[in-house]
Amino acid sequence: MTAPASAERPRRSWPRFLPPLLAFLVVALLGWLLLRPAPQAPATSSLIGRAAPDFTLNTLDGQTVQLSKLRGQPVILNFWASWCGPCQEEAPLFHELGTRQAAQGFKVVGVLFQETDEASARQFIAQHGLNYANAQDKSADTAIAYGIAGIPDTFFIDGAGKVQHFDRGGLNRERLNVGLEKLGLPKL
């Protein structure tokens, strides 16, 4: 004798949710793999070990800065802009460098990269007490010569005019000290 249809065992509904659940898990895993931060690779530049490209730029205070005229002393060349978050974060280190430059025989030069508002740049300089030359690269020729794609980018140039070190992204004290050591300068 057969049992009535209503007495049949209830069908499990979870198997029909299995394919969408698996699809969701695969998409989530792929999203995580694609969006996670890349491991920090050392910054590199084709200019390391080569002569730093010369430039002549006007500073915000009406002076002229020419890299070749700074030969004989190390130069720390920083490309930045007022709208750049990492530039804001590294500014206190550059303030400290600027206060040490005369006493320790090196120069700091800032180059504005895609700065859209000169007043904002001046406010940034005043806010952070940056007391070194900050030049405008209105034509972007200097940025192109140095291969700048994003900012901040910092080049450590020795007294002979050769690039000894390069760092991409906002500097912290440890990474700044690596560049200073490459130039034979004391750490911060």
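Residues numbered from 1 in each chain as written. Predicted model: local features only at pLDDT ≥ 70, side-chain atom pairs only at ≥ 80, totals over all residues. Heavy atoms only, no water.

K.L.:
So what's going on with the state of the cysteines? Which residues, and what values?
P.N.:
Using the criterion set out here, one finds one disulfide in the structure. Here cysteine 84 pairs with cysteine 87 through a disulfide, and the sulfurs are 2.5 Å apart. Of note, the bridge from cysteine 84 to cysteine 87 carries an S-S torsion of about 80° and is right-handed in sense. For cysteine 87, a relative accessible area of 2% translates into the label buried. (Disulfide = S-S within 2.5 Å. Buried < 20%, exposed > 50% of the residue type's maximum accessible area, 1.4 Å probe, protein only.)

K.L.:
Explain the nonpolar core to me, using residue names and the numbers behind them.
P.N.:
Core analysis: the biggest nonpolar cluster contains 47 residues, and Leu77, Phe79, Leu97, Tyr146, Phe155 and Ile157 have the highest contact counts within it. Those elements giving two or more residues to this core turn out to be β3 (75-80), α2 (85-104), β4 (107-112), α3 (118-128), β6 (153-157), β7 (163-168) and α5 (173-182). Setting aside chain neighbours within four positions, we find leucine 77 in contact with Phe55, Val109, Val111, Tyr146, Asp153, Thr154, Phe155 and Ile157. (Core = buried A, V, L, I, M, F, W, Y, C linked by side-chain atoms within 4.5 Å. Helix = DSSP H or I, 4+ residues; strand = E, 2+ residues; numbered from the N terminus. Contact = heavy atoms within 4.5 Å.)

K.L.:
Break down the sheet that holds β4 for me, citing the residues and quoting the values.
P.N.:
The five strands lie next to each other as β5-β4-β3-β6-β7, forming an open sheet whose pairing is mixed. Looking along the sheet, the strands with just one partner apiece sit at the ends: β5 (133-136) and β7. Each neighbouring strand pair of the sheet contributes to a mean axis angle of 20°, computed without reference to strand direction. Two strands pair when backbone bridges link them, and β4 and β5 are joined in this way by four bridges, in the parallel orientation. Bridged to leucine 112 within β5 is glutamine 136. Across the face of the sheet, α3 comes into contact with β3, β4 and β5 while running at roughly 130° to β3. (Pairing = 2+ DSSP bridges. Axes fitted to C-alpha atoms, helices over the stretch in contact; angles between N-to-C directions.)

K.L.:
Before we move on, could you go through the side chain of serine 45 and cite the residues and values that matter?
P.N.:
Mapped onto the elements of the fold, serine 45 is located in the loop between α1 (18-35) and β1 (56-58). Once residues lying within four places of it in the same chain are set aside, the contact partners of serine 45 are Phe155 and Phe166.

K.L.:
For unusual backbone geometry, give the residues involved together with the corresponding values.
P.N.:
The omega angle of the peptide bond from isoleucine 151 to proline 152 is 0°, so this bond is cis rather than trans. By the element assignment, proline 152 lies in the loop between α4 (141-145) and β6. Phi at alanine 140 is positive, roughly 65°, even though this residue is not glycine. Position of alanine 140 among the secondary structure elements: in the loop between β5 and α4.

K.L.:
For the packing of α2 against α5, give the residues involved together with the corresponding values.
P.N.:
Close contact between α2 and α5 brings their axes to 10 Å; oriented N to C, the two are set at 40°. Viewed along their axes, α2 and α5 form a crossing whose handedness is right-handed. Counting all contacts with α2, which are made through Leu93, Glu96 and Leu97, the residues of α5 involved are Arg173, Leu176 and Leu180. The residue makeup of the contact of α2 with α5, split by class, is four nonpolar, no polar and two charged. (Left-handed = near helix turned anticlockwise from the far one by under 90°. Nonpolar A, V, L, I, M, F, W, Y, C, P; charged D, E, K, R; others polar.)

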